[in-house]
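# Survey of secondary and tertiary structure
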Amino acid sequence: MMQVVISCMDYRLTQEVINKSKKDSLIIRNAGANIFEIKDILKKLNPEEVVYLPHTDCAAMKLTYSVIKNHEGVTQLINDKLISIFKDKNFSTLKELEEINAKVNEDLLKEILPKAKITTELVDVNKIKWPERKARVYVLKSNTKYDEEMIGSYIIQSPEFEVILADLEIANKLGLRIEKNEFDTKF
Ligand SMILES: [Zn+2]
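Numbers given to residues run from 1 along each chain, matching the order in which its sequence is written. pLDDT decides what is reported in this predicted model: residues at 70 or higher carry local features, side-chain atom pairs at 80 or more are listed and counted, and totals for whole chains, interfaces and linings draw on all residues regardless.

Per an unreviewed UniProt entry, the recorded name for the protein is Carbonic anhydrase, and the organism is Acidianus brierleyi.

Structure, rendered in structure tokens:
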């Protein structure tokens, strides 16, 4: 039985992702735990079980908030893959936006994987233990497990490289440095 665990690239969530994963789970992590960006891959994988872990105090949601409410500029790719999802949504606080993010992505999961068991948890980052933050990104394949070195780092993780291009742009915008890229692709 295939289990997919989906979360954000945020360094604080790594232990939580490990805790919620089975030994052979596939892990997908991008900016904001964004299902829209990976929906074609999920259809292809067709997992029986999905553990969906968006979180509070999310930098991708802060960026979205800032673009929509304060007209901060972002690239077309970030706009298409992240911001556009929330353009017609009604929210006034970051907390509301984070709740909308969890809800719209969970609804989308149910729509594209109608037979899968889907468990959603909006992880409260104030209730988990944070590792020491390292301002770097590991770009990993979905079946890669983490070593000690990666724990405090941002982790972008996907079965295919093409779908995480917007996340690399977001990581770049957040001032993070690429430490390792398992896809061996130039970007
Ligand atoms: Zn996040």
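## Concerning the overall build of the protein
We count it as follows: The helix count covers DSSP runs of H or I at least four residues long, the strand count covers runs of E at least two residues long, and both are numbered beginning at the N terminus. Only C-alpha atoms enter the radius of gyration; for comparison, a globular chain is expected to reach 2.2 Å times N to the power 0.38, where N is the number of residues. What counts as a contact is two residues whose backbone-derived C-beta atoms lie within 7 Å of each other.
Secondary structure assignment for the protein yields six helices and seven strands. Walking the protein from its N terminus toward its C terminus, one meets helices and strands in the order β-α-β-α-β-α-α-α-β-β-β-α-β. The globule rule puts the C-alpha radius of gyration for 187 residues at 16 Å, and the 15 Å found for the protein is close to it. With respect to the three principal axes, the spread of C-alpha positions in the protein is 40 × 40 × 35 Å. The long-range fraction of contacts in the protein, counting pairs at least 24 apart against all pairs at least 6 apart in sequence, stands at 70%.

## Section: the environment of S92
To keep it simple, the criterion reads: To assign burial, the other C-beta atoms lying within 10 Å of each residue's own C-beta are counted, with C-beta atoms placed from the backbone; 20 or more indicates buried, 12 or fewer indicates exposed, and intermediate counts indicate partly exposed.
With respect to the secondary-structure elements, S92 resides in the loop between α4 (76-81) and α5 (94-112). Taking the number of C-beta atoms within 10 Å as the measure of exposure, S92 has 9 and is therefore exposed.

## Quick word on helix α3 (residues 59-70)
Given 3.6 residues per helical turn, the α-helix brings residues three or four places apart onto the same face. Quick reminder of the rule: Expected span, for any helix, means 1.5 Å times one less than how many residues it has.
For α3, built from 12 residues, the straight-helix expectation of 16 Å at 1.5 Å per residue is met to within 8% by its first-to-last C-alpha distance of 15 Å. The complete set of buried residues in α3 reads A60, M61, L63, T64 and Y65. Of the surrounding secondary structure, the elements contacted by the buried residues of α3 are β1 (3-8), α5 and α6 (165-173). Where α3 ends, the next residue or the one after it, H71, has phi of about 60°, a positive value.

## Things to note about the pairing of β1
Heads up, the rule is: In this description, strands pair whenever DSSP reports at least two bridges between them.
Here β1 lies mainly inside the structure; six of its six residues are buried. With five bridges joining them, β1 and strand β3 (residues 49-53) adopt parallel strand pairing. Among the inter-strand pairings, S7 is bridged to a residue of β3, identified as L53. The pairing of β1 with strand β2 (residues 26-30) spans five bridges and is parallel.

## Remarks on the UniProt feature "binding site: Zn(2+)" (unreviewed entry) in the protein
Operational definition: UniProt positions are given in the numbering used here, feature names are shortened, and annotations may be inferred rather than shown by experiment.
UniProt records the feature "binding site: Zn(2+)" (unreviewed entry) at C8, H55 and C58, using the numbering of this structure. The greatest C-alpha distance among the annotated residues, which extend across 51 residues, is 8.2 Å, indicating that they converge on a single site. Relative to the elements of secondary structure, H55 occurs in the loop between β3 and α3. With 24 C-beta atoms counted inside 10 Å, the residue H55 sits in the buried group. Topologically, C58 is positioned in the loop between β3 and α3.

## Describing the nonpolar core
Here is the rule: By definition, a nonpolar core groups buried Ala, Val, Leu, Ile, Met, Phe, Trp, Tyr and Cys residues that connect through C-beta atoms lying within 7 Å of each other.
Formed by 46 residues in total, the largest nonpolar core has its most connected members in I6, L53, A60, Y154, I156 and A171. Listed by contribution, the elements that provide at least two residues to this core are β1, β2, β3, α3, α5, β5 (136-141), β6 (154-158) and α6. Discounting chain neighbours no more than four positions away, the residues touching A171 are M9, V137, Y154, I156 and L176.

## Quick look at the packing of α3 against α5
The test is simple: The axes used here are C-alpha line fits, helices contributing only the stretch in contact, and every angle between their N-to-C directions lies in the interval 0 to 180 degrees. In a left-handed crossing the near helix is turned counterclockwise from the far helix by less than a right angle, and in a right-handed crossing that turn is clockwise. Here the nonpolar group is Ala, Val, Leu, Ile, Met, Phe, Trp, Tyr, Cys and Pro; Asp, Glu, Lys and Arg are the charged ones; every other residue, Gly included, is treated as polar.
In the contact formed by α3 and α5, the axes pass within 10 Å of each other and the chain directions differ by 115°. Seen along the crossing, α3 lies across α5 with a hand that is right-handed. From α3, M61, K62, T64 and Y65 reach across to α5, where they touch L94, L97, E98 and N101. By residue class, the composition of the contact of α3 with α5 is four nonpolar, two polar and two charged.

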